[in-house]
Amino acid sequence: MGAVLSYMGSILSYLFGASTAGEDSAVDGQPGVTAFHSSARWQLHFNSIKNTTQLMVIDFAASWCGPCKAMEPAVHAMAAKFTDVEFAKIDVDELPDVAQEFGVQAMPTFVLVKKGNEVDRIVGAQKEELQRKIEKHRR
């Protein structure tokens, strides 16, 4: 029975993209920003927050994108400051279907979502604008 459960767990982990080393986690070991590495896990998470009024900031970025890297410290600082806001990170090369679903065409793109609906969007490395829009929509 234990072997069957272990096997089923392995199958589910494979299907939903989970692994002990690559699970969705805090970015760079810092709390506040959750990176998603599986479309299925992203969808499960996104569906779970659709009925809440909590603001979510989705950071669409790429590992090769210089402006994305430049924004990382500011995004982490905002996540630490605005603890009532959820921050998610999507690598557009890892999850192109999620980027396409949100109509992302440039990086970085920050999509602000409340109750499952986009309430605002910032395209480009605009720290002050991102902070202003978070402050506007977080309540």
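Preceding this paragraph is the structure being described.
Below: a short report on this structure. As the structure is a prediction and not an experimental result, all values here were calculated from the model.

## Overview of the state of the cysteines
One pass over the full model with this rule turns up one disulfide. Each sulfur of the disulfide joining Cys65 and Cys68 lies 2.4 Å from the other. Sign of the S-S torsion, about 80° for the bond between Cys65 and Cys68, identifies this disulfide as right-handed. For Cys65, a relative accessible area of 4% puts it in the buried group. The exposure class of Cys68 is buried, given its relative accessible area of 6%.

## Describing unusual backbone geometry
In this model, Met107 is joined to Pro108 through a cis peptide bond whose omega is -10°. One can find Pro108 in the loop between α4 (96–101) and β5 (109–114). Despite not being glycine, Lys115 shows a phi value in the positive range, around 55°. Among the secondary structure elements, Lys115 is positioned in the loop between β5 and β6 (117–123).

## Examining the layout of surface pockets
The calculated volume of the largest pocket comes to roughly 160 Å³. What lines the largest pocket is a set of 14 residues, among which Ala62, Ser63, Glu72, Lys89 and Asp91 lie closest to the centre. Its residues assigned to classes, the lining of the largest pocket comprises seven nonpolar, two polar and five charged.

## A word on the packing of helix α3 (residues 66–81) against helix α5 (residues 127–137)
The geometry of α3 relative to α5 is characterised by a closest axis approach of 11 Å and an angle of 25° between their N-to-C directions. With respect to α5, the axis of α3 lies roughly parallel. Judged by the sense of rotation from one axis to the other, the crossing of α3 with α5 is right-handed. Along the contact surface, α3 presents Ala70, Met71, Ala74, Val75, Met78 and Lys81, while α5 presents Lys127, Leu130, Gln131, Ile134 and Glu135. In terms of residue class, the contact of α3 with α5 is made up of seven nonpolar, one polar and three charged.

## A few points about α3
In an α-helix, one turn spans 3.6 residues; hence positions three or four apart end up facing the same way. In this model α3 runs 24 Å from its N-terminal to its C-terminal C-alpha over 16 residues, within 8% of the 22 Å that 1.5 Å per residue would give. The largest bend in α3 is about 35°, located at Glu72, with the proline Pro73 one to four residues further on. Where α3 is concerned, the buried positions are Cys68, Met71, Glu72, Ala74, Val75, His76, Met78 and Ala79. Check the buried side of α3 and you find it contacts β2 (33–36), β3 (56–61), β4 (86–91), β5 and α5.

Quick notes on the rules
- Residues numbered from 1 in each chain as written.
- Predicted model: local features only at pLDDT ≥ 70, side-chain atom pairs only at ≥ 80, totals over all residues.
- Heavy atoms only, no water.
- Disulfide = S-S within 2.5 Å.
- Buried < 20%, exposed > 50% of the residue type's maximum accessible area, 1.4 Å probe, protein only.
- Helix = DSSP H or I, 4+ residues; strand = E, 2+ residues; numbered from the N terminus.
- 1 Å grid on protein atoms, 1.4 Å probe; cavity = no way out; pocket = protein on both sides within 12 Å on 5 of 7 lines; lining within 4 Å.
- Points joined across faces, edges and corners; volume = space filled by probe spheres on them.
- Nonpolar A, V, L, I, M, F, W, Y, C, P; charged D, E, K, R; others polar.
- Axes fitted to C-alpha atoms, helices over the stretch in contact; angles between N-to-C directions.
- Parallel < 35°, antiparallel > 145°, perpendicular 65-115°, else oblique.
- Left-handed = near helix turned anticlockwise from the far one by under 90°.
- Contact = heavy atoms within 4.5 Å.
- Expected span 1.5 Å × (residues − 1).
- Bend = angle between axes of the 7 residues up to and from the residue.

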